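Summary of structural features
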Amino acid sequence: AFGVIADIQFADAEDGHDFGGCRRRYYRNSLRLLREAVREWAGESPPIDLVLQLGDSIDGQNARRGEAESALQQVLEVLGQLSVPVHHAWGNHELYNFSRARLVRTGLYSRPAGGSAGPPDRECHAYHCSPAPRLRLVVLDSYDTSTLGTEPGSARYQEALRVLREKNTNDDLNSPQGLKEPHFVAFNGGFSQAQLDWFDEVLKFSDENQEKVIVMAHVPIHPSASNGVCLAWNYEAALAVIHAHRCVVCVLAGHLHYGAYCLDPHGVHHLTLEGLIETPPESNAFGTVHVYEDKMVLKGRGRIPDRVMHF
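Residues numbered from 1 in each chain as written. Predicted model: local features only at pLDDT ≥ 70, side-chain atom pairs only at ≥ 80, totals over all residues. Heavy atoms only, no water.

Here is the rule: UniProt positions are given in the numbering used here, feature names are shortened, and annotations may be inferred rather than shown by experiment.
Per an unreviewed UniProt entry, the protein chain carries the name Manganese-dependent ADP-ribose/CDP-alcohol diphosphatase and comes from Prunella himalayana. In the Sequence similarities (unreviewed entry) part of its UniProt record, the protein chain is described as follows: "Belongs to the ADPRibase-Mn family." The Subunit (unreviewed entry) field of the UniProt record for the protein chain holds the comment "Monomer."

Structure follows, in structure tokens:
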């Protein structure tokens, strides 16, 4: 069993709204809801084995307020009360606050020590582990190709900017207005070929060893588990890797705060979790997933509905 939570986006700030001005964001309250989630997870019976934090643990405005370090420390202190490992995806808001090089030296770097668990690039926050027999978790870095968190002079930044400008002709690269492919915006990112090649090798191993694989990333990789905008740039390439293998049963993502779900034609469940940041004080948004031989059962809290996902 494992806990799941997405888009905490904590900031010690008054409530605000999303970029469209429509959806309320409860910045300060998200830490209280996280504490509530941690208390419930700690009391689970049977106990949980790990927690998946699907990215955007703190909000981007912390950078402007000079509070990135303290906000992150507060979130990690709460998660640190758990006696089980927490696996972190990196989202756009982490990269608004910290460079990739800095994130490697924070508690959000959950990639294991030693090179074998992830791609050769140590700043690519992708890795795999086996939390139970015949079960593998793969964490993907959906900002491996991105203009966020990288030096403008770097090769990573230049390549990402080239990809983005090829598809997005708007002055504001965060605007999907009028785009044929509206997911090519700066607040999304993509997967490098090196990461996809590594991912393919991991899934080959899992196929050969008859493992079930759960994949997590911040940005959704299936259009039907998205709103068409909150979607990885080269989602088709990531899906092609998954669909070339039999082992993947579920892809978990955040980023889209009102959540989404689909079962794709290959039998893979794509679950995009509702975000904690847009959850009112009287509710919550987290869950516990119980994994069986033939299914995963999500027990949701607050805004997150219960769900049974058969393999």
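The rest of the description comes next.
**Regarding the layout of surface pockets**
For the record, the criterion: Here a cavity denotes a set of grid points, spaced 1 Å apart and computed over the protein atoms alone, in which a 1.4 Å probe fits but from which it cannot get out, and a pocket denotes an open set meeting protein on both sides within 12 Å along at least five of seven lines; residues with an atom within 4 Å of a point are reported as lining. Grid points are joined across faces, edges and corners, and a volume is the space filled by probe spheres set on the points. Numbered from the N terminus, helices here are DSSP runs of H or I no shorter than four residues, and strands are runs of E no shorter than two. Here the nonpolar group is Ala, Val, Leu, Ile, Met, Phe, Trp, Tyr, Cys and Pro; Asp, Glu, Lys and Arg are the charged ones; every other residue, Gly included, is treated as polar.
Of the voids in this model, the largest pocket is the one considered here, and its volume is about 460 Å³. Taken together, 20 residues make up the lining of the largest pocket; nearest its centre are Asp-18, Phe-19, Arg-25, Phe-187 and Cys-230. No other element matches the 3 residues that helix H4 (residues 92–97) contributes to the lining of the largest pocket. Across the lining of the largest pocket, the residue classes break down as 7 nonpolar, 8 polar and 5 charged. As a volume, the second largest pocket reaches approximately 230 Å³.

**Here's the deal with the sheet that holds strand S13 (residues 295–302)**
The strands that make up a sheet pair up through hydrogen bonds in the backbone, lying either parallel or antiparallel. The cut-off we apply is this: Strand pairing is assigned whenever DSSP detects at least two bridges linking the two strands. A fitted line through C-alpha atoms serves as each axis, taken over the contacting stretch for helices, and the angle formed by two N-to-C directions is quoted from 0 to 180°.
Spatially, S5-S4-S1-S12-S13-S14 is the arrangement adopted by the 6 strands of the open sheet, whose pairing is mixed. Every interior strand has two partners, whereas the edge strands, strand S5 (86–88) and strand S14 (307–310), have only one. On average, each strand axis in the sheet is tilted by 20° relative to the strand beside it, whichever way the strands run. Bridging between strand S1 (residues 2–5) and strand S4 (residues 50–53) involves 4 bridges; their strand directions are parallel. Pairing of Val-4 across the sheet is with Leu-52, part of S4.

**Examining the packing of helix H7 (residues 193–208) against helix H8 (residues 235–243)**
Test applied: The scheme is simple: roughly parallel for angles under 35 degrees, roughly antiparallel for over 145, roughly perpendicular for 65 to 115, oblique for anything else. The handedness criterion is simple: a crossing whose near helix is rotated anticlockwise from the far helix by less than a right angle is left-handed, and one whose near helix is rotated clockwise is right-handed. Here a residue-residue contact requires only that any non-hydrogen atoms of the pair lie within 4.5 Å.
Where H7 meets H8, the axes come as close as 9 Å, and the angle between the chain directions of the two elements is 20°. Accordingly, the angle class assigned to the pair H7 and H8 is roughly parallel. Relative to H8, H7 is oriented so that their crossing is right-handed. Contacts between H7 and H8 involve Leu-196, Phe-199, Asp-200 and Leu-203 on the former and, on the latter, Ala-237, Ala-238, Val-241 and Ile-242. In the contact of H7 with H8, the residues fall into 7 nonpolar, no polar and 1 charged.

**Points about the packing of aromatic side chains**
How we decide: Aromatic pairs are defined between Phe, Tyr and Trp rings, using the six-membered ring for Trp, whenever the two ring centres lie within 6.5 Å; interplanar angles under 30 degrees are classed as stacked, those over 60 as edge-to-face, and all others as tilted. The buried label applies to any residue whose accessible area, calculated with a 1.4 Å probe on protein chains only, is under 20% of its type's maximum; exposed applies above 50%, and partly exposed to all values in between. Charge over a ring is defined by NZ of Lys or CZ of Arg lying within 6 Å of the ring centre and within 35 degrees of the ring normal.
If you walk through the whole model with that rule in mind, you get 3 aromatic pairs. Measuring from centroid to centroid gives 5.4 Å for Trp-41 and Phe-286, while their planes differ by 85°, and the two rings are edge-to-face. You can see Trp-41 sitting in helix H1 (residues 29–42) and its partner Phe-286 sitting in strand S12 (residues 285–291), a full 245 residues away along the chain. The class for Phe-286 is buried, based on a relative accessible area of 0%. Between Trp-90 and Tyr-109, the aromatic rings sit 6.2 Å apart at their centres with planes inclined by 45°, giving tilted as the arrangement. Placement of Trp-90 in the loop between S5 and H4 and of Tyr-109 in the loop between helix H5 (100–103) and strand S6 (127–132) is noted, with a sequence separation of 19 residues between them. The class of Trp-90 is buried, set by a relative accessible area of 2%. Arg-307 extends its terminal NZ or CZ atom over the ring of Tyr-261, reaching a point 4.1 Å from the ring centre.

**Remarks on empty space enclosed by the protein**
Scanning all chains against the criterion turns up 1 cavity of 30 Å³ or more. Its volume calculated, the largest cavity comes out at about 50 Å³. Around the largest cavity, the lining residues are Phe-2, Leu-50, Leu-52, Pro-131, Leu-135, Leu-137 and Ile-214. Residue composition of the lining of the largest cavity, grouped by class: 7 nonpolar, no polar and no charged.

**A word on unusual backbone geometry**
What you tend to see is this: most non-glycine residues have negative phi, and most peptide bonds are trans. In the segment running from Ser-45 into Pro-46, the intervening peptide bond is cis, with an omega of 0°. Mapped onto the fold, Pro-46 is located in the loop between H1 and S4. Even without a glycine there, the phi angle at Gln-9 is positive, about 50°. Topologically, Gln-9 is positioned in the loop between S1 and strand S2 (16–17). Of note in this structure, Arg-134 is not a glycine but carries a positive phi near 60°. Here Arg-134 is to be found in the loop between S6 and strand S7 (135–139).

**Thoughts on the sheet that holds strand S9 (residues 248–253)**
The sheet built from 6 strands is open, its strands ordered S6-S7-S8-S9-S11-S10 with mixed pairing. The open sheet is flanked by S6 and strand S10 (260–263), the only strands paired with a single partner. Geometrically, the sheet is characterised by an average inter-axis angle of 15° between neighbouring strands, direction not taken into account. Strand direction decides the pairing type here: S6 and S7, joined by 4 bridges, are antiparallel. Across the sheet, the residue bridging to Tyr-127 is Val-139, located in S7. Most of the contacts of H7 go to S7, to which it runs at about 175°, and overall it touches S6, S7, strand S8 (212–216) and S9.

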